[in-house]
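# Structural overview for review
Residue-level listing of the chains:
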Amino acid sequence: MSTNEEQKSGRGLSLLLAAVPLLLSFLLSMIAYFAGIFVSMFDQKIGTPAVELSASDEGWIYLIQYLLYLVFFGIWYWYLLQKLEKEAIQSRHSRPLTEEEKKEKKKKTSATVKAPVKWEPVKYWAKRLPLLIILGYSLQLCVSGILSVFSIGFPSVFEAYKELIQSLAGNGVDIKTFISVSFLAPVAEEIMFRGLTYLYASRAVPEKWAILIQAVLFGIYHGNLIQFMYATAIGILFGMLRRQSGSVVPGIILHIIINLSAYLIPAAWIETVPKAALMIGLSLMLIIPGFIILLKKKKRRAPVSRIDDDKI
C-alpha cells in the first residue's frame, strides 16, 4: 500500500471513530435504562404499581447513564491524549529541531519549577469565569425565548418537547436528575463531542469541517428535531471555543452554566411573544460581543496530533 493510500485509509478510520461516541452513547443509554429500572425497584415502596416511570425512576436512569458515559468516554479520551502526545514526541524526534524548539528545550531543561506553566491555562479561564457565566445564562435565555415564540405559533409541534423539558426542569425535579443534567451531562458530552469526536475528525478533515461534524453529531445525539436545531448551533460555538482554547475545560464550564440556567429563568419572562422577543434581543446583545471577546485572542496552536488538554 502506498503512502497516499495509507493516509486515505487513516483519514477514513478517523472519520469512522469520530462517529463511534454517538453510536456507543445509544448502547450505553439502553444499558442505563434497564439498570435504572432495576435500581429504582429498591427505591420504591413495595406494592407500588409500575404504570409509568416516576421522577425517581428517570433520575436513576440519568444518573447511571452519565456515570457510564464519564467512565467509558473519560478513559477513552485519556488514552487518546496519551497516544497523541506520544505521536507528537516521536514526530519531534524524527526530524531536526528548529531554532525555536531548541530554545524551548533549553528553557525546560534549565527550569526548576514547572507548575506556573502547567497551570497557566486554568488561571486564564478562571479570570474569564464571569464572562462564561454571562454567556451561559444569555445563551439559555436566548434559546428559551426563541422556543417560546415558536411554541406559541406551533403548539402541537412543541407538545412532546415541553413534556421532555418539564421532566428535566419542572417543579419537584428529582435531585438525581438535577445533578445528572446540570453537572454530569456537560462533562460527559464535552468529552464525547469536543473531545473524542472533534479530535478524530480533525485528523481526517480541516478543522472547520471537524467543528461542523461534531456539532451535527451533537445535535443528532439529542434525539429530536427541535433540540437538534439549537444543539447543532450551540455545538458550532462550542467547537470554535474548543479550537481556540485547545481544551475541553472552557466548554465544560460554559455547558454547566447553560444547563443550570434552565432552572433559573422565570417563565414569566418569555410567556408572551413581545416578552420573549425582548429577552432574545437582550441576550444577543450579550452573546455576540461575549464570544467575540472569547475568540478574539489568537494563540499559537499546535498540530492536530499535539494536544493541550494535558496542561489543564
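Residues numbered from 1 in each chain as written. Predicted model: local features only at pLDDT ≥ 70, side-chain atom pairs only at ≥ 80, totals over all residues. Heavy atoms only, no water.

Time to look at the overall build of the protein. Per the secondary structure count, the protein includes twelve helices and zero strands. Going from the N terminus to the C terminus, the protein shows its helices and strands as α-α-α-α-α-α-α-α-α-α-α-α. Residue burial in the protein is summarised as follows: out of 312 residues, 38% are buried. Counting only carbon and sulfur atoms, one obtains 68% of the accessible surface of the protein, whose full area is about 18100 Å². (Helix = DSSP H or I, 4+ residues; strand = E, 2+ residues; numbered from the N terminus. Buried < 20%, exposed > 50% of the residue type's maximum accessible area, 1.4 Å probe, protein only. Areas by Shrake-Rupley, 256 points an atom, 1.4 Å probe, with all protein chains shown as cover.)

Moving on, we get to the packing of helix α8 (residues 175–202) against helix α9 (residues 207–221). Running from N to C, α8 and α9 cross one another at 140 degrees; their axes reach a closest spacing of 9 Å. Classed by the angle they form, the pair α8 and α9 counts as oblique. Between α8 and α9 lies a crossing whose hand is right-handed. Two secondary-structure elements touch here, α8 through E189, M192, F193, R194, T197, Y198, A201 and S202 and α9 through E207, A210, I211, I213, Q214, L217, F218 and Y221. Along the lines of polarity and charge, the residues of the contact of α8 with α9 split into ten nonpolar, three polar and three charged. (Axes fitted to C-alpha atoms, helices over the stretch in contact; angles between N-to-C directions. Parallel < 35°, antiparallel > 145°, perpendicular 65-115°, else oblique. Left-handed = near helix turned anticlockwise from the far one by under 90°. Contact = heavy atoms within 4.5 Å. Nonpolar A, V, L, I, M, F, W, Y, C, P; charged D, E, K, R; others polar.)

Attention now goes to the confidence of the model for the protein. Summing up the model confidence of the protein, the mean pLDDT is 82 and the portion of residues at 70 or higher is 73%. When pLDDT is averaged over each element of the protein, α9 comes out on top at 96 and helix α4 (residues 115–118) at the bottom at 38. Note that pLDDT drops below 50 for residues 109–119; the model gives that stretch two contacts with residues more than four away or on any other chain. Every residue in residues 299–308 is under pLDDT 50, and counting partners more than four places away or in other chains gives 23 contacts. (pLDDT = per-residue confidence, 0-100.)

The next point concerns the packing of aromatic side chains. Tallied over the entire structure, the rule returns eleven aromatic pairs. With centroids separated by 6.5 Å and ring planes inclined at 55 degrees, the aromatic side chains of Y69 and Y221 adopt a geometry described as tilted. Of this pair, Y69 sits in helix α2 (residues 55–93) while Y221 sits in helix α9, and the two are 152 residues apart along the sequence. An identical accessibility class is assigned to Y69 and Y221; each is buried. Ring centres of F178 and F183 lie 6.2 Å apart, and the angle between their planes is 80 degrees; this geometry places the pair in the edge-to-face category. Classification of F178 by relative accessible area gives partly exposed; the value is 24%. An aromatic cluster is defined as three or more aromatic residues linked by ring pairs; in this entry it consists of Y66, Y69, F72, F73, W76, F193, Y200, F218 and Y221. (Phe/Tyr/Trp six-rings, centres within 6.5 Å; stacked < 30°, edge-to-face > 60°.)

The next thing to look at is the nonpolar core. With 33 residues, the main nonpolar core has Y66, Y69, F73 and Y221 as its most contacted residues. Of all the secondary-structure elements, those providing two or more residues to this core are α1 (3–40), α2, α8, α9 and α11 (249–261). In contact with Y69, not counting residues within four places along its chain, are S25, L28, S29, G74, A188, M192 and Y221. Judged by nonpolar contacts, the second largest core, of 22 residues, contains Y124, W125, L131 and L241. (Core = buried A, V, L, I, M, F, W, Y, C linked by side-chain atoms within 4.5 Å.)

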